[in-house]
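What follows is each chain in one-letter form.
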Amino acid sequence: MDDGRAPRVGRAMRRKTLVFVGHPDQQSFCGAMAERALELDLARGNDVELLRLADLHFPVPVSRRAEDDRAPEPDVLRFRDAIRAADHLVFIFPIWWGGMPGRFKSLLELALTPGFAFQYVPNSVRWRRLLTGKTAELWATMDTPPWFYRTIYRDAGISELRRNTLEFCGVKVTRVRRFGSMRISTQGQRQGWLDSL
């Protein structure tokens, strides 16, 4: 409704952020980073929702395809609704065996389906990106030193989530952060990483 007043200038727009912890363990450094992300977004005056993979219950798909028309499980719908409501997504997850944890990938397979995240164009190899307008950040922890993961492993797991999944659906990834080596990190290093967020 137009009330005739000029829009406010110089004031940042409030955004809705989803912070998602893709680590299946409740107690992890990914969880500590999520708490820090939550504090920072709230301090900026944004609306923030925090979801944890460890709190969501759903069966790991075995033979299900994206075109399957079975109704999603309640927690998959909860994850999907949180994505729908958000302007900005922050995915925080560990790199295991070069990629994201299996349960995190399973959740993405169940949630980002045709009609919600993308839509194939009939009789064509093209598709429509249905999540266009959203942005995302990826924060990944790893035992591999980040420089080694980027140059030798070619950022495989991050590229999978960034290019093959989020950008396929229209989400623009604006920032990627890599933290490691977790296995040999000290408490001081971990605190430094939290302070750098």
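One can find the structure itself at the top, above this paragraph.
Report on the accompanying structure.

Moving on, we come to the packing of helix H2 (residues 74-85) against helix H3 (residues 102-111). Running from N to C, H2 and H3 point in directions that differ by 80 degrees, and their axes come no closer than 10 Å. By the angle between their directions, the pair H2 and H3 is classed as roughly perpendicular. Within the contact between the two elements, H2 uses Val 76, Phe 79 and Arg 80 and H3 uses Leu 107, Leu 108, Leu 110 and Ala 111. Here the contact of H2 with H3 is composed, by residue class, of six nonpolar, no polar and one charged.

Okay, helix H5 (residues 156-166) next. Structural remark: α-helix, 3.6 residues per turn; residues separated by three or four positions point the same way. Here H5 has its buried residues at Gly 157, Ile 158, Ser 159, Leu 161, Thr 165 and Leu 166. Where H5 is buried, its residues meet strand E3 (88-94), H3, strand E6 (135-141), helix H4 (146-151) and strand E7 (172-179).

Turning next to the pattern of salt bridges. What the rule picks out here adds up to 11 salt bridges. Here the salt bridges do not stand alone but share partners, grouping Arg 15, Asp 41 and Arg 44 into one network.

This next bit is on the side chain of Asp 41. Along the chain, the position of Asp 41 falls in helix H1 (residues 29-43). The exposure class of Asp 41 is buried, given its relative accessible area of 4%. Within the local environment of Asp 41, its side chain forms a polar contact with the side chain of Thr 17, the two groups lying 2.9 Å apart. Ignoring any residue separated from it by four or fewer positions in sequence, one finds Asp 41 in contact with Arg 15, Thr 17, Asn 46 and Val 48.

Tallying each qualifying case throughout the model produces 13 aromatic pairs. Aromatic pair Phe 20 and Phe 91: ring centres 6.2 Å apart, planes at 70 degrees, arrangement edge-to-face. On the criterion of sequence distance, the pair formed by Phe 20 in strand E1 (residues 16-21) and Phe 91 in strand E3 is long-range, its members being 71 residues apart. Residue Phe 20 is classed as buried on the basis of its relative accessible area, which comes to 0%. Assessed through its relative accessible area of 1%, Phe 91 is described here as buried. Ring geometry for Phe 179 against Trp 193: centres 6.2 Å apart, planes inclined by 70 degrees, an arrangement best described as edge-to-face. With Phe 179 in strand E7 and Trp 193 in helix H6 (residues 187-195), this pair connects stretches of sequence that are 14 residues apart.

Conventions used here
Residues numbered from 1 in each chain as written. Predicted model: local features only at pLDDT ≥ 70, side-chain atom pairs only at ≥ 80, totals over all residues. Heavy atoms only, no water. Axes fitted to C-alpha atoms, helices over the stretch in contact; angles between N-to-C directions. Helix = DSSP H or I, 4+ residues; strand = E, 2+ residues; numbered from the N terminus. Parallel < 35°, antiparallel > 145°, perpendicular 65-115°, else oblique. Contact = heavy atoms within 4.5 Å. Nonpolar A, V, L, I, M, F, W, Y, C, P; charged D, E, K, R; others polar. Buried < 20%, exposed > 50% of the residue type's maximum accessible area, 1.4 Å probe, protein only. Salt bridge = Lys/Arg side-chain N within 4 Å of Asp/Glu carboxyl O. Polar contact = N/O pair within 3.5 Å; in protein donor to acceptor, adjacent residues only side chain to side chain. Phe/Tyr/Trp six-rings, centres within 6.5 Å; stacked < 30°, edge-to-face > 60°.

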